[in-house]
Amino acid sequence: NRADYVRIVEVGPRDGLQNERQSIPMATKIELVERLTQTGLKTIEAGSFVSPKWVPQMANSSQILEHILQTNPRSPHPITYQFLLPNVKGLDNFLSIWQSQASTRLNAYPTPPQFPDNDQWPAFNTSSQDPNAMPAAPSGADAIGKERRSSSSSTAPEIELSIFTAATETFTQKNTNCSIAESLKRFEPIMTRAKELDLNVRAYISVALGCPYEGPNVDPHKVANLAVSLLEMGADEISVADTTGMGTAPKTAELLKTLGAAGVEKSDLALHFHDTYGQALVNSVVALEHGIRTFDAAVGGLGGCPFSPGATGNVATEDLVHCFHSLGAKTGVNIEKLSEVGEWISKELGRVNESRAGKATLAQ
Ligand code: HMG
Ligand code: MG
């Protein structure tokens, strides 16, 4: 019974690292991805194919993709890797690696590794004795998220694409140098090509709960209309992003209600909270109670968007996992192993580890 399963999308290697000023060695980026594969996380956003002039830190994402395709880092279960891209140029750069590795992918793993299925996955301590523990979510699509294409018949790592637009014109201009309508136009050929190649596409909507340029009151109907357009275009999932951390519990609830009223299924949604105002966990619990079962987070609370001045990291994955486990939800993530990764990468970057749950877990 996976009714109370929550899927965590670890965005640390992309959102987490993209805003670091210092140049991070390739080996560190790869080691971060590899360490994360050992924590029970099943989805990792590993890099982005954006302009290196705009985001120099992500310039070598093609090497990360190449490494993943060539080595298929061993983990106790299959991992899905996501790569972010804004336009056809990004898609072409992605495909030049992905397609050049096609024969390697087919030949590299003649014997499919035997992974335990989800029910046999070693049970980490996710049970809760708390009488107020969250009741199991209703069965059906809402409970575990949309049925996603699985790589179980293939031994190559599963790759997905992420595209991104935003709920305000100013942010869209600052982040991608185009209008919202132009950004949707850019996605059409990406979507067509991705479908032909059988690649899942997730679509981010940034500044859904507050914009650094247009203020905290972003119209939830605008977010909902964009979500509907992106789904109609073929997006497999919408990640609704609180880029600035301006979201609050009531605003989160209102946005989710508005999305529901517009016909967006909970199972098509992921929530992506940044923690600038310390509200990310509260907002996550509100979303969980609304039936959302996919959440983005970054180990060690890394992260930030270079085009959202003052915005800090994503909600720390360790904090989110600790919180969800306390509510009786299962994530499959081993909090001890994850906390070690958070501490390690914080030290590598010379940053303070922003995960309180991670630090407390290690201090136990
Ligand atoms: P532009 O300058 O308008 O691009 O940037 P252009 O189409 O005019 O092309 C100019 C040059 O860039 C050309 O090269 C292109 O080939 C090249 P030149 O002819 O001068 O040598 N170029 C590219 N190179 C590599 N990869 C590409 C690419 N596209 C063009 N994909 C563009 C427009 C969209 C490219 C730029 O604005 C960009 O890369 N923006 C990305 C910004 C970004 O990465 N932001 C952070 C990620 S989003 C985020 O963090 C939010 C999220 O976490 C959710 C949340 O929290 O809100 C997802
Ligand atoms: Mg983000």
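Everything numeric in this text was worked out from a predicted model, so none of it was measured.

Parameters at a glance
- Residues numbered from 1 in each chain as written.
- Chains lettered and ligands numbered in written order.
- Predicted model: local features only at pLDDT ≥ 70, side-chain atom pairs only at ≥ 80, totals over all residues.
- Heavy atoms only, no water.
- Helix = DSSP H or I, 4+ residues; strand = E, 2+ residues; numbered from the N terminus.
- Contact = heavy atoms within 4.5 Å.
- Areas by Shrake-Rupley, 256 points an atom, 1.4 Å probe, with all protein chains shown as cover.
- Near = heavy atom within 4 Å.
- Polar contact = N/O pair within 3.5 Å; in protein donor to acceptor, adjacent residues only side chain to side chain.
- Nonpolar A, V, L, I, M, F, W, Y, C, P; charged D, E, K, R; others polar.
- pLDDT = per-residue confidence, 0-100.
- Salt bridge = Lys/Arg side-chain N within 4 Å of Asp/Glu carboxyl O.
- Buried < 20%, exposed > 50% of the residue type's maximum accessible area, 1.4 Å probe, protein only.
- Donors = N, O, S within 2.8 Å, 3.2 Å for Na, K, Ca; no water.
- Axes fitted to C-alpha atoms, helices over the stretch in contact; angles between N-to-C directions.
- Parallel < 35°, antiparallel > 145°, perpendicular 65-115°, else oblique.
- Arc of directions from axis to C-beta.
- Core = buried A, V, L, I, M, F, W, Y, C linked by side-chain atoms within 4.5 Å.
- Pairing = 2+ DSSP bridges.
- Phe/Tyr/Trp six-rings, centres within 6.5 Å; stacked < 30°, edge-to-face > 60°.
- Lys NZ or Arg CZ within 6 Å of the ring centre and 35° of its normal.

**Some points on the overall build of the protein**
1) Next: When you go through the protein residue by residue, the secondary structure sums to 14 helices and eight strands.
2) Next: Across the protein, contacts joining residues at least 24 apart in sequence account for 80% of those joining residues at least 6 apart.
3) Next: Working note: accessible area of the protein is about 15100 Å², and carbon and sulfur atoms make up 51% of it.

**A short note on the site of ligand 1**
1) Next: What surrounds ligand 1 is a group of 29 residues, the closest being Gln-18, Ser-51, Asn-177, Ser-206 and Thr-243.
2) Next: With respect to ligand 1, the side chain of Asn-177 contributes an N or O atom lying 2.8 Å from an oxygen atom.
3) Next: Alone, ligand 1 offers 1100 Å² of accessible surface; in the complex the protein occludes 75% of this.
4) Next: Here the residues of the shell around ligand 1 are counted per class, giving 12 nonpolar, 12 polar and five charged.

**So, the confidence of the model for the protein**
1) Next: Scored by pLDDT, the protein comes out at a mean of 88, with 85% of its residues at no less than 70.
2) Next: Between residues 109-154, whose pLDDT stays under 50, and residues either more than four places distant or in other chains, the model counts 75 contacts.
3) Next: If you check the scores for this complex, the pTM reads 0.89 and the ipTM reads 0.99.

**Comments concerning the pattern of salt bridges**
1) Next: Counted according to the given criterion, the structure contains 12 salt bridges.
2) Next: The residue Arg-7 makes a salt bridge to Glu-237 at a minimum N-O spacing of 2.8 Å. Here Arg-7 is found in strand E1 (residues 7-10), whereas its partner Glu-237 is found in strand E6 (residues 237-242), with 230 residues between them in sequence. Each of the two residues, Arg-7 as well as Glu-237, counts as buried.
3) Next: Arg-14 is the salt-bridge partner of Asp-15, the closest N and O atoms lying 3.7 Å from each other.
4) Next: Look at Asp-15 and you get buried, because its relative accessible area is 2%.
5) Next: Through salt bridges with shared partners, one network takes in Arg-7, Arg-202, Glu-237 and Asp-296.

**Here's the deal with the coordination of the magnesium ion (ligand 2)**
1) Next: Donor atoms from the polypeptide that bind the magnesium ion (ligand 2) are Asp-15 (OD), His-272 (NE2) and His-274 (NE2), placed at 2.0 to 2.3 Å.
2) Next: Of note, the magnesium ion (ligand 2) draws all its donor residues from one chain, in the sequence arrangement D-x256-H-x1-H. Placement of the pair is Asp-15 in helix H1 (residues 12-18) and His-274 in the loop between strand E7 (269-273) and helix H11 (280-289), with a sequence separation of 259 residues. Comparing Asp-15 with His-274, the two get one shared label, buried.

**Notes on the packing of helix H13 (residues 335-349) against helix H14 (residues 356-363)**
1) Next: Where H13 meets H14, the closest approach of the two axes is 9 Å, and the angle between their N-to-C directions is 110 degrees. By the angle between their directions, the pair H13 and H14 is classed as roughly perpendicular. On the side of H13, the interface is formed by Ile-335, Glu-336, Ser-339, Glu-340 and Glu-343, while H14 contributes Ala-357, Gly-358, Lys-359, Thr-361 and Leu-362.
2) Next: A class-by-class count of the residues in the contact of H13 with H14 yields three nonpolar, three polar and four charged.

**Some words on H14**
1) Next: Taken together, the buried positions of H14 are occupied by Ala-357, Gly-358 and Thr-361. One side of H14 holds all its buried residues, which, seen down the axis, span an arc of 100 degrees. What points out from H14, more than 90 degrees from its buried face, is the exposed set Arg-356 and Ala-363.
2) Next: The elements touched by buried residues of H14 are helix H12 (317-326) and H13.
3) Next: Structurally, the start of H14 carries an N-cap: the backbone nitrogen of Gly-358 is 2.8 Å from a side-chain oxygen of Ser-355.

**Brief notes about the nonpolar core**
1) Next: Ranked by size, the top nonpolar core spans 94 residues in total, and within it Phe-83, Phe-94 and Ile-238 carry the most contacts.
2) Next: The residues touching Phe-94, leaving out its near neighbours within four places in the chain, are Phe-49, Leu-65, Phe-83, Leu-85, Ile-159, Leu-161 and Leu-199.

**Side note on the pairing of strand E3 (residues 80-84)**
Here is the key point about a regular strand: its side chains alternate between the two faces of the sheet.
1) Next: E3 sits mainly inside the fold: five of its five residues count as buried.
2) Next: The two faces of E3 match: Thr-80, Gln-82 and Leu-84 on one face and Tyr-81 and Phe-83 on the other face are all buried.
3) Next: Pairing of strand E2 (residues 43-48) with E3 involves five bridges; the strand directions are parallel. Among the inter-strand pairings, Gly-47 is bridged to a residue of E3, identified as Phe-83.

**Thoughts on the packing of aromatic side chains**
1) Next: Within the structure shown, the criterion is met by seven aromatic pairs.
2) Next: A ring pair is formed by Phe-49 and Phe-83, whose centres lie 5.8 Å apart and whose planes are at 55 degrees; its orientation type is tilted. Of the two residues, Phe-49 is situated in the loop between E2 and helix H3 (61-71) and Phe-83 in strand E3; the sequence distance between them amounts to 34 residues. When sorted by exposure, Phe-49 lands in the same class as Phe-83, which is buried.
3) Next: Ring centres of Phe-83 and Phe-94 lie 6.5 Å apart, and the angle between their planes is 45 degrees; on these two criteria the pair is classed as tilted. Placement of the pair is Phe-83 in strand E3 and Phe-94 in helix H4 (residues 88-100), with a sequence separation of 11 residues.
4) Next: Accessibility expressed as a relative area gives 0% for Phe-83, which makes it buried.
5) Next: A connected cluster of aromatic rings, assembled from ring pairs, spans Phe-49, Phe-83, Phe-94 and Trp-98.
6) Next: Looking at Arg-35, its charged tip hangs above the ring of Trp-344, at a distance of 4.2 Å from the centre.
7) Next: Arg-202 extends its terminal NZ or CZ atom over the ring of Tyr-204, reaching a point 5.1 Å from the ring centre.

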